[in-house]
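Report on the structure
For reference, the chains in residue letters:
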Amino acid sequence: MALFSERYGYVKVSDVIIREEITPDIRNCICNCFDLLERVYRKCGYDIIDNPIISIHKEAWTYYFNKRSSEFRFGRDIIIEYIQNPAVMWYEVLDIVEFVIKYMHERDAKVAYKHSPVDLFAALLNQEFERLHFAYRIVNCEIVEITSEQEIKAIEGAIANSQQNVKMHLNSALEKYALRPNGDYRNSIKESISAVEAFCREKTGESTLGRALSKLEKKNIIIPKSLKSAFDKLYEYTNHADTGIRHALMADEGKYTPSADEALFMLISCSAFINYLSKKVND
């Protein structure tokens, strides 16, 4: 049975997708990744005389915090202390993370590691950012935003302006995406595409998305052919036997597990499409 917040739209997108802020959980996970970094280097192998952890801290001390290099003394974990300081803004935390990654990349390029420590470190961070729904990822040594304000507003707008059945599907998609410790991404995608289907069924009385879109066109609600085709393919994807999104997994199939990024893409895309169709129908 749907909960109160699910029925009436009190799930806040901004509480699920963390953007332009940083929570204590995210700070802690970034620090945990730094804690693991020394173990990563030790596993990869390094010369004790040229300790990469000391090198990273000295580089940050001198060129990020702009302190006197002669005053550097290794012992305090200045990077962890900086990240854990609540007065340090979210973008400053990402700045120091990016600074370290770029320095590691430049430094490690001179060493023949079997497995690149910087790649392992970035992968750990991306895994944690995805798990905690942080709207940023590390790509090619730079931190990039994967969820914009406009995309968040698209979800919020679709939830706020839709009829109750559509609203419930979108809220359910958001809640399943936000489940901890791991989201129910397969069913989140199912709820997202069901929201589009519910919207179209409500406007046309048709039982399938394809027939509903065709009927809208007969009512002179013109949808560009390429856009209609794109959404037909997304709908087709949710019906594949190997994903188990809209139908039970087949016995010999079902090896594919949707990711958090995939579920978020579908939530944003379906919300934007509902907003688009709503404007078309009401114009």
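Residues numbered from 1 in each chain as written. Predicted model: local features only at pLDDT ≥ 70, side-chain atom pairs only at ≥ 80, totals over all residues. Heavy atoms only, no water.

1. What to know about the overall build of the protein
Counted only if it meets this: Elements are defined by DSSP. Helices are runs of H or I of four residues or more, strands are runs of E of two residues or more, and each kind is numbered from the N terminus. Throughout, exposure labels follow a simple rule: accessible area from a 1.4 Å probe, protein chains only, divided by the maximum for the residue type, with under 20% read as buried, over 50% as exposed, and the rest as partly exposed.
A tally of regular secondary structure across the protein gives 13 helices and two strands. Relative to its full complement of 283 residues, the protein shows a buried share of 45%.

2. Focus: the pairing of strand 2 (residues 142-145)
Note the threshold: Pairing between strands is defined by DSSP: at least two bridges between the two strands are required.
Bridge analysis of strand 1 (residues 136-139) against strand 2 gives four bridges, and the strand direction is antiparallel. Across the sheet, residue I138 finds its bridge partner in strand 2, namely I143. Hairpin connection from strand 1 to strand 2: two residues lie between these consecutive antiparallel strands, with N140 at a positive phi of about 50 degrees.

3. Some words on the packing of aromatic side chains
Test applied: Centre distance within 6.5 Å is the pairing criterion for rings of Phe, Tyr and Trp, where only the six-membered ring of Trp is used; planes under 30 degrees apart are then read as stacked, over 60 as edge-to-face, and the remainder as tilted.
On inspection of all chains with the given rule, the structure shows 13 aromatic pairs. For the ring pair F231 and F273, a centre distance of 3.9 Å and an interplane angle of 10 degrees mean the geometry is stacked. Of this pair, F231 sits in helix 12 (residues 225-238) while F273 sits in helix 13 (residues 260-282), and the two are 42 residues apart along the sequence. Here F231 falls in the buried class, since its relative accessible area comes to 5%. For F273, a relative accessible area of 4% gives the class buried. Every member of this aromatic cluster is reached through a ring pair, and the members are W90, Y91, F129, F134 and Y136.

4. A short note on unusual backbone geometry
At E20, a position not held by glycine, the phi torsion is positive, near 55 degrees. One can find E20 in the loop between helix 2 (13-16) and helix 3 (24-44). Take E20: its relative accessible area is 45%, and that puts it in the partly exposed class. Of note in the backbone geometry, N140 takes a positive phi value of approximately 50 degrees without being a glycine. Checked against the element boundaries, N140 lands in the loop between strand 1 and strand 2.

5. Things to note about the side chain of E191
Defined as follows: Here a polar contact is taken to be a pair of N or O atoms separated by no more than 3.5 Å, where protein atoms must pair a possible hydrogen donor with a possible acceptor and residues adjacent in sequence count only if both atoms sit in side chains. In this description, contact between two residues means that some pair of their heavy atoms is separated by no more than 4.5 Å.
As for its position among the elements, E191 is in helix 10 (residues 185-204). Within the structure, the side chain of E191 is placed 2.7 Å from the side chain of H169, a separation counted as a polar contact. Non-local contacts of E191, meaning those with residues more than four positions away in its chain, are made with H169, S172, A173 and K176.

6. Details of the packing of helix 9 (residues 164-178) against helix 10
The condition that has to hold: Axis lines are fitted through C-alpha atoms, for helices just across the contact stretch, and the angle between N-to-C directions can take any value from 0 to 180 degrees. If an angle is under 35 degrees, it is roughly parallel; if it is over 145, roughly antiparallel; if it lies from 65 to 115, roughly perpendicular; otherwise it is oblique.
Look at helix 9 against helix 10: their axes get within 8 Å of each other, and the N-to-C directions meet at 170 degrees. Relative to helix 10, the element helix 9 is oriented roughly antiparallel. Here N165, V166, H169, L170, S172, A173, K176 and Y177 of helix 9 lie close against helix 10, whose contacting residues are Y185, N187, S188, E191, S192, S194, A195, A198, F199 and E202.

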